[in-house]
Amino acid sequence: MTRVGVMLPRDLPANQVLTYARRAEQLGFDELWVVEDLGFRGGVAQAGAVLAATSQIVVGIGILPAGARNAAFAAMELATLAQLFPGRLIAGIGHGMPDWMRQVGARPASPLTLLREYTVALRTLIRGEPGPAAGHYVNVEGVIIGETPQVVPPIVLGVRGPKSIAIAGQVSDGLLLAEPAAPPYIRDSIERLASTASDPDPWIAAA
């Protein structure tokens, strides 16, 4: 099923954010995506405000950098939003811009390993299952989140490279393509995702 969404500009004045979100819903958009870029606004806080200010539109967070937040606490935040607003949340996870991640001391030696471990941990915890065995970067082994949503939100990866897309197919619910997404790029990404995805019809979104 094709869905049409709109992105909330990262530099939109704060006093216009909720008005923008309500208008997007009134115009019939299926989804509204909030942006988390270093130095602007936090993705989880924006998503919570927009979800509370609207009634039907699905809100996507694009993207939360893996490693910027502890996986257990990130899972708690996302699970809380999904509990309060069932079926209306999509969480995007990615590497984060390399320069930004270096600035905050969170750039790993192996971004691919971190992304895989973080995604597996996040999805496991949000389902209410004990955290997986400790990895090289992520250690939430045995952690249990008791407050879990009835509708588990999709955890999708906002990535570009072929190795990252392969990880999206293997351990996430789908793929979020960054703008600009030209048709050849979309086709190639779909083929790469489909070749590794366990789901025969994986979730994919493009700007």
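Residues numbered from 1 in each chain as written. Predicted model: local features only at pLDDT ≥ 70, side-chain atom pairs only at ≥ 80, totals over all residues. Heavy atoms only, no water.

S.K.: Honestly, the overall build of the protein in this entry has me stumped. Any pointers?
M.R.: Per the secondary structure count, the protein includes 7 helices and 7 strands. For the protein, the N- to C-terminal ordering of α and β elements is β-α-β-α-β-α-β-α-α-β-α-β-α-β. Taken against the 2.2 N^0.38 rule, which gives 17 Å for 207 residues, the C-alpha radius of gyration of the protein at 16 Å falls within 12% of a compact globule. Overall size of the protein, expressed as C-alpha extent along the three principal axes, is 45 × 40 × 35 Å. By residue count, 44% of the 207 residues in the protein fall in the buried class. (Helix = DSSP H or I, 4+ residues; strand = E, 2+ residues; numbered from the N terminus. Rg over C-alpha atoms; globule rule 2.2 N^0.38 Å. Buried < 20%, exposed > 50% of the residue type's maximum accessible area, 1.4 Å probe, protein only.)

S.K.: Honestly, the packing of aromatic side chains in this entry has me stumped. Any pointers?
M.R.: Where two aromatic rings form a pair, the distance of their centres and the angle of their planes describe that pair. For the structure on display, the rule yields 1 aromatic pair. Measuring from ring centre to ring centre gives 6.2 Å for W33 and W203, while their planes differ by 50°; the resulting arrangement is tilted. On the criterion of sequence distance, the pair formed by W33 in strand β2 (residues 31–35) and W203 in strand β7 (residues 203–206) is long-range, its members being 170 residues apart. On the basis of relative accessible area, W33 is assigned to the buried category, the value being 10%. (Phe/Tyr/Trp six-rings, centres within 6.5 Å; stacked < 30°, edge-to-face > 60°.)

S.K.: Explanation requested: the nonpolar core in the structure shown.
M.R.: In summary, soluble globular proteins display a tendency toward joint burial of nonpolar side chains. By size, the foremost hydrophobic cluster in this structure holds 50 residues, and its most contacted members are L32, V34, I61, L78, I93, Y118 and L122. Ignoring anything within four residues of it in the chain, the contact list for L32 reads V6, L8, Y20, A21, A24, V50, I57, V58, V59 and G60. Formed by 7 residues, the second largest nonpolar core is a distinct cluster that contains V58, I63, I90 and A205. (Core = buried A, V, L, I, M, F, W, Y, C linked by side-chain atoms within 4.5 Å. Contact = heavy atoms within 4.5 Å.)

S.K.: Mind showing me how you'd approach the pattern of salt bridges here?
M.R.: Once their charged atoms are close, side chains differing in charge can pair, the charge on each being opposite to the other. Across all of its chains, the model carries 7 salt bridges by this definition. For R69, the salt bridge is made with E36, and the minimal N-O distance between the two is 2.7 Å. Placement of R69 in the loop between β3 (58–65) and α3 (71–84) and of E36 in the loop between β2 and α2 (43–53) is noted, with a sequence separation of 33 residues between them. Here E36 falls in the buried class, since its relative accessible area comes to 14%. (Salt bridge = Lys/Arg side-chain N within 4 Å of Asp/Glu carboxyl O.)

S.K.: Any chance you could explain α2 here in plain terms?
M.R.: In terms of burial, α2 is a largely internal element, 8 of the 11 residues being buried. Of all the positions in α2, only G43, V44, Q46, A47, G48, V50, L51 and A53 are classed as buried. Where α2 is buried, its residues meet α1 (14–26), β2, β3 and α3.

S.K.: Just checking my understanding: could you explain the sheet that holds strand β5 (residues 155–157) for this structure?
M.R.: Note on sheets: strands pair through backbone hydrogen bonds, and any given pair is parallel or antiparallel. Read from one edge to the other, the open sheet built from 7 strands follows the order β1-β2-β3-β4-β5-β6-β7, with strand pairing classed as parallel. On the outer flanks of this sheet lie β1 (5–7) and β7, each paired with one strand and no other. Neighbour-to-neighbour, the strand axes of this sheet turn through a mean angle of 25°, independent of strand direction. In this fold α2 packs onto β2 and β3, with an angle of close to 175° to the strand it touches most, β3. Contacting β3, β4 (89–94) and β5, α3 crosses the sheet at an angle of about 160° to β4. (Pairing = 2+ DSSP bridges. Axes fitted to C-alpha atoms, helices over the stretch in contact; angles between N-to-C directions.)

S.K.: Mind showing me how you'd approach the pairing of β3 here?
M.R.: Consecutive residues of a regular strand have side chains that alternate between opposite faces of the sheet. With 8 of its 8 residues buried, β3 lies for the most part within the structure. As judged from the 5 bridges shared by β2 and β3, these two strands associate in the parallel manner. Note that in β3 the partner of E31 across the bridge is V58. Viewed along the sheet, the connection from β2 through α2 into β3 turns out right-handed. For the handedness criterion, the β-α-β arrangement of β3, α3 and β4 is classed as right-handed. (Right-handed = clockwise from strand over helix to strand, strands pointing away.)

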